[in-house]
Amino acid sequence: MIIEICTTSLNSIRNAQDAGADRLELCEDYLIGGVTPSIDFLDKSIQLSKIPINVLIRPRGGNFHFSNNEIKKMFESINRFKRFNIEGFVVGFLDGNNNLDPKILEEFRSITSGYDLTFHRAFDYLVDQKKSLELLIENNFDRILCSGSKIDSEKGIENLINLKQIANDKITIMPGGGINSRNFNLFKKSGFQQIHLSGINKNISLDSDYNIIREIIEMSK
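Residues numbered from 1 in each chain as written. Predicted model: local features only at pLDDT ≥ 70, side-chain atom pairs only at ≥ 80, totals over all residues. Heavy atoms only, no water.

Attention now moves to the packing of aromatic side chains. Taken as a whole and assessed by the stated rule, the structure comprises seven aromatic pairs. Here the aromatic rings of phenylalanine 75 and phenylalanine 108 are separated by 4.7 Å at their centres, their planes lie at 55 degrees, and the arrangement is tilted. With phenylalanine 75 in helix α3 (residues 68-81) and phenylalanine 108 in helix α4 (residues 102-111), this residue pair connects regions lying 33 residues apart in the sequence. The pair formed by phenylalanine 75 and phenylalanine 108 is uniform in burial state, with each residue classed as buried. A connected cluster of aromatic rings, assembled from ring pairs, spans Phe75, Phe93, Phe108, Phe119 and Phe141. The ring centre of phenylalanine 192 lies 5.4 Å from the NZ or CZ of lysine 164, which sits over that ring. (Phe/Tyr/Trp six-rings, centres within 6.5 Å; stacked < 30°, edge-to-face > 60°. Helix = DSSP H or I, 4+ residues; strand = E, 2+ residues; numbered from the N terminus. Buried < 20%, exposed > 50% of the residue type's maximum accessible area, 1.4 Å probe, protein only. Lys NZ or Arg CZ within 6 Å of the ring centre and 35° of its normal.)

A separate point is the pattern of salt bridges. Under the criterion given, the structure shown has twelve salt bridges. Residue glutamate 70 pairs with arginine 60 through a salt bridge whose shortest N-O separation is 2.7 Å. Taken together, the residues span a long stretch of sequence, with glutamate 70 in helix α3 and arginine 60 in the loop between β3 (53-56) and α3 at a distance of ten residues. For arginine 60, a relative accessible area of 24% translates into the label partly exposed. The salt bridge involving lysine 103 is made with glutamate 107; its shortest N-O contact spans 2.6 Å. In this pair, lysine 103 and glutamate 107 both sit in helix α4, four residues apart, roughly one turn of the helix. Because the salt bridges share partners, they merge into one network encompassing Arg214, Glu218 and Lys221. (Salt bridge = Lys/Arg side-chain N within 4 Å of Asp/Glu carboxyl O.)

Let's shift gears to the pairing of strand β1 (residues 2-7). Within β1, five of the six residues are buried, which leaves it mostly tucked inside the rest of the structure. Taken together, the four bridges between β1 and strand β8 (residues 194-197) define a ladder with parallel strand orientation. Residue pairing in the sheet places isoleucine 2 in a bridge with glutamine 194 of β8. Handedness of the crossover joining β1 and strand β2 (residues 23-26) through helix α1 (residues 10-19): right-handed. (Pairing = 2+ DSSP bridges. Right-handed = clockwise from strand over helix to strand, strands pointing away.)

Quick look at the structure:
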């Protein structure tokens, strides 16, 4: 099983890779759900990381209804980051009716050609998820990060399993949101091949916690 850790600090990166994580999602501002990292943070992260990095491209917190200008800024960020040694990108957006715009979707895949590409939890807000999943497959996205349209993945497990069945291995469904050592086996037993978590103990720090990640890595074997 591939364990992806959402990291918003250099300490999180150290803890994630030392604990044995397989991949990082890099972003900043954890408390607002993550936004595009700065060039400086990305540069330092790449120097530090020994495992693949996928970069979140999200111009602001809040909803996923981005203006044309915000979409343009997302494209600009991708082009800037392509000069760095990264594995891929994480993107997501909704139109005014909570659907996917096929043209913009195609543009995102075109600009990230050759890179790993994830559609993030904006997927949870789409009104027609089956049609959207098919569009993401058509545009050669690698995976969908979602929580089954619930507040966390444990509550959305039935929806996640249904999406995995619809995907039929044509795209990876990667549960994310509220995954921890207590509920991890629920996802393992359900046959998910990749999971996403931050591994944070908010009572201690907003850094990803080595012990939490390590426990999940051991459980995944």
